[in-house]
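Listed below are the residues making up each chain.
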Amino acid sequence: MIKNVQINLPDLTLYTGYKAIDCFNLEKNNPKKASNILTDMALLTGARVSYQYYTYDHKPEQIGYTLTRTICGDHIAIVNDSIRNEVYASYEGSDCFGTIRPILQVDSFEETLGTISNEEVIYLGNYPQWAAPGYLQWELNQQFNEGKLKDKTTGEYFSYCLNGSTLVHQDAPVYRYQNKKYICVISHYEKDKDLSRYPLSNGEDYLVNQGVWVEISPVPWMVDSERKILISKYGLLAGVPYHPQLRFKPDDYESTHIKDFLDNVLLPNLFQKEEVKKVPKCEPTFQSDYTFVKERLGLLRLTHPEFSEALDPILKRVERMNEIVKKDYQKIKK
Amino acid sequence: MFPTSNLKLSVPSVEQLVSFSDLKLNEGNLTPLTQFALISGVRYQFQHGHKRGFLYTHYEGEGKLKTFDDTGKVKNIDCSKENVVRPLLQNVDFAWVDANKRKNNEGLWEVILGRYPQFVASIAIQDELTKAIYVDPYELSSPTGVTYSLGHCKVALYHYKGKDYTPIYTNDPGTVLSNSRTYASEDLTWFKVSPVAWLVDEKNHLLISKYGLVSFSSSVKVKDYELNCLNSFLEMTLNKELFQNIAETNNHLALSRKECTLQDDFIFVQERLNLLRASHPESLELITSIQERVTGMEEKVQKDYMPKIKVIK
């Protein structure tokens, strides 16, 4: 469906100070939205956290360091993406705590994606992002140990760097369980550390060097319609070393290891099954929901005649709900 | 005239339950539960794929509490474990009941009286409320000072956009409620405060609640005092809480009845679809898509359509 996609790290200019907030036309009172929120996958692969806070519903959120492709002097510039979004740090090529928050450049932007405004979020490609809830972790581990997941692989793979080793990728197979897809990620290992400092989005701490199940979900991208690029809403992945090199020259980016990783590993990973999903603009009404439910129930009845006994009472109830609501709707309108 | 005073709550005795023969409450049927009862920690068992609880009952003249098990036998019960209270309502003016009763889906007479937190609000509304309570607590107000007790805590009633909700922290990780969200421990959950439906026993002029409403456990372990403990809970706490804003339900009886019917229908449809989904995994995707839309319908009904009820001070 989508052709000629290029993947890149963002430019430093895209992130400079408060410009980052302006150029995405994000909510100006809420600079948090422009900052690099880490997915669980990024945390597990060893992203360094610069700031942590709790959202209004008590979910922890971490903000991390963003890698850029800009080379200043002989160092790589990375953004210490705290809430104020203005601190910069230089980068030793072999460190791997920086987060990849990729940018997509799509050929013939408007033709493939239609006219879209900056406020919209587009879902493109799939990637492991958020850890499965605690009880599912336990279930999945048990299923895995009993060998029940063996024939439930989907043939897809996701790759990440294990413990920051330069060129070795861990290929994690995808398992299907209860109609959702999961991979098992071995968490990043650091010396003198047994337990993570930061909890995952499911509220649980994890042990280092331990398997954590992460769910594969569509990746949200923010739109910059002026520059005709998409930027990932979250920092997706860490643990990939930039290049084993101490000094850089301005043109070195194209030949670095990280560029190679983006092109040959991350991009194919993201689009193993090409799907474009756009967040719907108009919400379905009660009536449209009702017709959908009724149609689908009818379909079920056609394809599975043995269901009809169970389906009849359901249909009756659904019809009655519609009657009640319809009557009163007319009254309210009057 | 509407019955407003001298309402008496108690747990049904075994003899009374047997006399409810038309209602078939004692033939191996465990009690259907509200989600508030589930979240208050009730002990449950699966029956025909649904979660059902054990209700409190007793022999008249004998101080001990009993329960029916799933085969319909009477068993002794340990009050320190969480079983469900399915209260019996006495001293109701039956002329009023006869005028206002309606037949429900199972063909039983049903009447609506009092309000209590029973079912969980849909996800969209929960998110709105949670946001509201952190961002702008003044938008939410509890003008009546109404509270509901859950164990040893009291939860306040909040009024939001013309409807009543009460916030509860879950204590049971992995609980799945009707809005199909899975709750971790200590998640903030919002419950709708909705009208309570009662089944009518015409012979003995009694009302028994349609669902088990709340769990009860007593730390007092003195012999024969368990029934007294439970009765004092019913009289001092539940009676007040159920009927503290009884005038509202009275003034909007027709609306309340519709609210109850819609609520019942949604629960019924979701439960049946869940059963279908479990028994036929091959059509999982289709049924899941239907369920999502049903949830959507429920949300819209709750958000836009459901008639707004004014709080009377």
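Further up the page is the structure itself.
The notes below deal with the structure included here. Given the structure is predicted, the values throughout are model-derived calculations rather than measurements. (Residues numbered from 1 in each chain as written. Chains lettered and ligands numbered in written order. Predicted model: local features only at pLDDT ≥ 70, side-chain atom pairs only at ≥ 80, totals over all residues. Heavy atoms only, no water.)

### Describing the layout of surface pockets
All names here are of chain B.
Inference 1: For the second largest pocket, the calculated volume is near 560 Å³.
Inference 2: The wall of the second largest pocket is formed by 24 residues, among which Leu150, Gly151, His152, Cys153 and Ser215 lie closest to the centre.
Inference 3: A total of 5 residues in the lining of the second largest pocket trace back to one element, the largest contributor, which is helix H5 (residues 226-242).
Inference 4: Taken together, the residues that form the lining of the second largest pocket break down as 12 nonpolar, 11 polar and 1 charged.
Inference 5: Each of two domains, domain 1 (8-114 + 198-251) and domain 2 (116-191), supplies a minimum of three residues to the lining of the second largest pocket. (1 Å grid on protein atoms, 1.4 Å probe; cavity = no way out; pocket = protein on both sides within 12 Å on 5 of 7 lines; lining within 4 Å. Points joined across faces, edges and corners; volume = space filled by probe spheres on them. Helix = DSSP H or I, 4+ residues; strand = E, 2+ residues; numbered from the N terminus. Nonpolar A, V, L, I, M, F, W, Y, C, P; charged D, E, K, R; others polar. Domains from an automatic or database assignment.)

### Section: the sheet that holds strand E6 (residues 65-68) of chain B
All names here are of chain B.
Inference 1: On the basis of which strands lie adjacent, the open sheet formed by 3 strands has the order E5-E6-E7 and antiparallel pairing. The sheet terminates laterally at strand E5 (57-58) and strand E7 (74-76), the two strands that pair on one side only.
Inference 2: By the bridge criterion, 2 bridges tie E5 to E6 in an arrangement that is antiparallel. If you follow Thr57 over to E6, its bridge partner there is Lys66. (Pairing = 2+ DSSP bridges.)

### Describing helix H4 (residues 134-145) of chain A
Helical periodicity: at 3.6 residues per turn, an α-helix aligns residues three or four positions apart in one direction.
Residue and element names in this part refer to chain A.
Inference 1: Across its 12 residues, H4 extends 17 Å between first and last C-alpha, which sits within 8% of the 16 Å expected from 1.5 Å per residue.
Inference 2: Residues of H4 that are buried include every one of Gly134, Leu136, Gln137, Leu140 and Gln143, and no others.
Inference 3: The inward-facing, buried residues of H4 contact strand E8 (121-131), strand E10 (169-177), strand E11 (180-186) and strand E12 (211-224).
Inference 4: After H4 finishes, the residue Gly147 shows a positive phi value of roughly 80 degrees. (Expected span 1.5 Å × (residues − 1). Buried < 20%, exposed > 50% of the residue type's maximum accessible area, 1.4 Å probe, protein only. Contact = heavy atoms within 4.5 Å.)

### Some remarks on the environment of Gly61 of chain B
All names here are of chain B.
Inference 1: With respect to the helices, strands and loops of the structure, Gly61 is situated in the loop between E5 and E6.
Inference 2: With relative accessibility at 88%, the residue Gly61 sits in the exposed group.
Inference 3: Residues Gly61 and Ser13, 48 residues apart in the sequence, show an inter-C-alpha distance of 9.8 Å.

### Overview of the environment of Gly64 of chain A
All names here are of chain A.
Inference 1: In this structure, Gly64 sits in strand E4 (residues 60-72).
Inference 2: Among the residues examined, Gly64 registers a relative accessible area of 0% and is labelled buried.
Inference 3: Separated by 15 residues in the primary sequence, Gly64 and Val79 place their C-alpha atoms 8.6 Å from one another.

### Considerations on the pattern of salt bridges
All names here are of chain A.
Inference 1: Under the definition given, this model contains 10 salt bridges over all chains.
Inference 2: Across the salt bridge formed by Lys259 and Asp263, the nearest N and O atoms sit 3.5 Å from each other. Taken together, the positions of Lys259 and Asp263, both in helix H5 (residues 257-270) and 4 residues apart, correspond to about one turn of that helix.
Inference 3: Residue classification places Lys259 among the buried positions, given a relative accessible area of 10%. (Salt bridge = Lys/Arg side-chain N within 4 Å of Asp/Glu carboxyl O.)

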